Amino acid sequence: MKNKFLPVILGTDANAYGLARSFFEEYQVKSLAVGKVPLIETKNSKIVNVKIYKNLTEQEVFKEAMEKIGKEYKEKYDKLILLSCAEWYTDLIVNNRKQLEQYFIIPFLDKTLKDKLENKESFYNICEKYNLDYPKTYIVTYENKNKISLPFNFPVAVKPASSTDYSKVEFSGKEKSYKAKNQKELEKIITDIYSSSYRSNIIVQDFIPGNDDTMWVMNCYSNKEGKVKMMCLARCILEEHTPYGIGNYKALISDGNKEIYKQIKSFLEDIKYVGFSNIDFKYDYRDNKFKLFEINIRQGRSSFFTTAAGCNLAKFIVEDYILNENKKTVYNYNKHLWLATPKSLLKKYVYDKKTLNEALKLIKEKKYSYTLKFSKDFSLYRWFWTNRIYLKDYKLYKLYPPKDDD
């Protein structure tokens, strides 16, 4: 007799573990994580098996590996659900949908819409159409890179329009995103980026002031009919500040906002979005508006905060594709603290006292979670190595502390 379903998760990091943990908590199902390198986060686990293919992100290797997995596990399970933990895996899934659908459920939107949303330039054009607020933006192209004339003042934020293209290049001083305080700094950043093989456009934006706690993130799930079935919002209270990890969330407090839920739900349903979406905002206290930064075509790396808040990520996928249920939309308003850093660092680096007190209150009430700390997956090996992952932040925050009112 076959088992009902198997989650096949592309990636072996904390994002993959969070998804596997969500499936295990809700359905006691052990997932399969597939990646190109074995990472500590999913190693020696009771809730996820791991398969490694050295060059998995190469097209032909990917196709061959997924066909092999599809044939093998189709004999053991009724349905295989394919999920992504990185944009390069999302690209491979969407680009090879026709072949993959022979074996897997593919809970993703179509390639045309994916490409429009993932490219920051076209995403901001879509924001214009739907009256979604975003920072003032100027587009730099390879052709106009020496003729930059901004219609707004410094400081500015600088980032590649195509994250996928940018992930493929290396150069000295490469960072995930940049801040330029004047024209000279901006020109150097542009020159450095284009000194590599990167040729897509570069986004320059009005820099929104504020500490880490002005950043917000939301996970949504849209079913196969394009109807939003889950929305979970969280406020960042601490980010990573290393050059290439800047913007990665280290501590989030889940929350809810009726107006944001209403606006984003209408947007996602109008464009007929399918699957998980992960949306980043920043609150601009200059005009009291939430400004959209980007949308990821998957759950984000910190997305276990959603499951921890009471909106289990796995539940919505299974209800949609396995149980064929069409339940009411779930909007989260529960307060829960998600952590990817030691609790003690909050006292040192969360500068707003009100925010810090809120976090400490949740800790006191035991309303907090770490993705990798799961009592049902305990072993001395995992205890040692997962703690080591979190404890390295003591050194990193000493080297790269957040600035007050950055």
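For the structure itself, look to the data block above.
Residues numbered from 1 in each chain as written. Predicted model: local features only at pLDDT ≥ 70, side-chain atom pairs only at ≥ 80, totals over all residues. Heavy atoms only, no water.

**Section: the overall build of the protein chain**
A count of helices and strands for the protein chain gives 15 helices and 17 strands. Relative to the globule expectation of 22 Å for 406 residues, the C-alpha radius of gyration of the protein chain, 21 Å, shows essentially globular dimensions. Once the C-alpha set of the protein chain is aligned to its principal axes, its extents read approximately 65 × 50 × 40 Å. When burial is assessed residue by residue, the protein chain has 56% of its 406 residues classed as buried. (Helix = DSSP H or I, 4+ residues; strand = E, 2+ residues; numbered from the N terminus. Rg over C-alpha atoms; globule rule 2.2 N^0.38 Å. Buried < 20%, exposed > 50% of the residue type's maximum accessible area, 1.4 Å probe, protein only.)

**With respect to the nonpolar core**
Among the nonpolar cores identified, the biggest contains 63 residues, and I237, L252, L337 and L346 are the most heavily contacted of them. Counting 50 residues, the second-largest nonpolar core is a separate cluster that includes Y124, L132, Y194 and C220. (Core = buried A, V, L, I, M, F, W, Y, C linked by side-chain atoms within 4.5 Å.)

**As for helix 1 (residues 14-27)**
Under the 1.5 Å per step criterion, the end-to-end length of helix 1 is 20 Å for 14 residues, consistent within 8% with the ideal 20 Å. Counting buried residues in helix 1 gives ten out of 14 residues, a clear majority hidden from the surface. Looking only at helix 1, the buried set comprises N15, A16, Y17, G18, L19, A20, R21, S22, F23 and F24. Regarding helix 1, its N-cap is D13, as a side-chain oxygen of that residue lies 3.2 Å from the backbone nitrogen of N15 further along. (Expected span 1.5 Å × (residues − 1). Polar contact = N/O pair within 3.5 Å; in protein donor to acceptor, adjacent residues only side chain to side chain.)

**Brief notes about the layout of surface pockets**
Empty space within the second largest pocket amounts to approximately 210 Å³. Every residue along the wall of the second largest pocket is listed here: K36, T57, Q59, W88, D91, L92, N95, T164, S167 and K168. Residue contributions to the lining of the second largest pocket peak at four residues, all from helix 3 (residues 87-95). A per-class count over the lining of the second largest pocket returns two nonpolar, five polar and three charged. (1 Å grid on protein atoms, 1.4 Å probe; cavity = no way out; pocket = protein on both sides within 12 Å on 5 of 7 lines; lining within 4 Å. Points joined across faces, edges and corners; volume = space filled by probe spheres on them. Nonpolar A, V, L, I, M, F, W, Y, C, P; charged D, E, K, R; others polar.)

**Some words on the packing of aromatic side chains**
Counted under the stated rule, the structure contains 23 aromatic pairs. Ring geometry for Y368 against Y370: centres 6.4 Å apart, planes inclined by 85°, an arrangement best described as edge-to-face. Through a chain of ring-to-ring contacts, three or more aromatic side chains come together here, namely Y142, Y166, F171, Y194 and Y198. Its guanidinium or amino end placed over the ring of Y321, K224 lies 4.9 Å from that ring's centre, counting from NZ or CZ. (Phe/Tyr/Trp six-rings, centres within 6.5 Å; stacked < 30°, edge-to-face > 60°. Lys NZ or Arg CZ within 6 Å of the ring centre and 35° of its normal.)

**Focus: the pairing of strand 10 (residues 215-222)**
Of all eight residues that make up strand 10, eight are buried, and the element is covered over most of its length. Covered by surrounding structure in strand 10 are M215, V217, N219 and Y221 together with W216, M218, C220 and S222, the residues of both alternating faces. Direction of pairing for strand 10 relative to strand 13 (residues 275-284): antiparallel, over a ladder of eight bridges. Residue pairing across strands places V217 opposite D280, the latter belonging to strand 13. Here strand 10 runs beside strand 11 (residues 228-239); their pairing, made up of seven bridges, is antiparallel. When the sheet's bridge partners are listed, Y221 is paired in strand 11 with M230. The turn linking strand 10 back onto strand 11 is made up of five residues, and G226 within it adopts a positive phi angle of 85°. (Pairing = 2+ DSSP bridges.)

**Observations regarding the sheet that holds strand 3 (residues 48-52)**
Strand order across the open sheet formed by five strands is 3-2-1-4-5, with parallel pairing between neighbours. What marks the edges here is a single partner per strand, and that holds for strand 3 and strand 5 (104-105). In this structure, strand 1 (residues 3-10) lies alongside strand 4 (residues 77-84), joined through seven bridges in parallel fashion. Across the sheet, residue N3 finds its bridge partner in strand 4, namely Y77. Sitting on the sheet, helix 1 is in contact with strand 1, strand 2 (31-35), strand 3 and strand 4, with an inclination near 165° to strand 1. (Contact = heavy atoms within 4.5 Å. Axes fitted to C-alpha atoms, helices over the stretch in contact; angles between N-to-C directions.)

**A word on the sheet that holds strand 8 (residues 178-180)**
Within the open sheet, the four strands sit side by side as 6-9-7-8. Their pairing is antiparallel. The sheet is open, and its two edges are formed by strand 6 (137-140) and strand 8, each paired on a single side. Each strand axis lies, on average, 25° off the axis of its neighbour in the sheet, ignoring direction. In this sheet, strand 8 lies alongside strand 7 (residues 156-160) in antiparallel orientation, the contact comprising three bridges. Paired with V156 across the bridge in strand 8 is A180.

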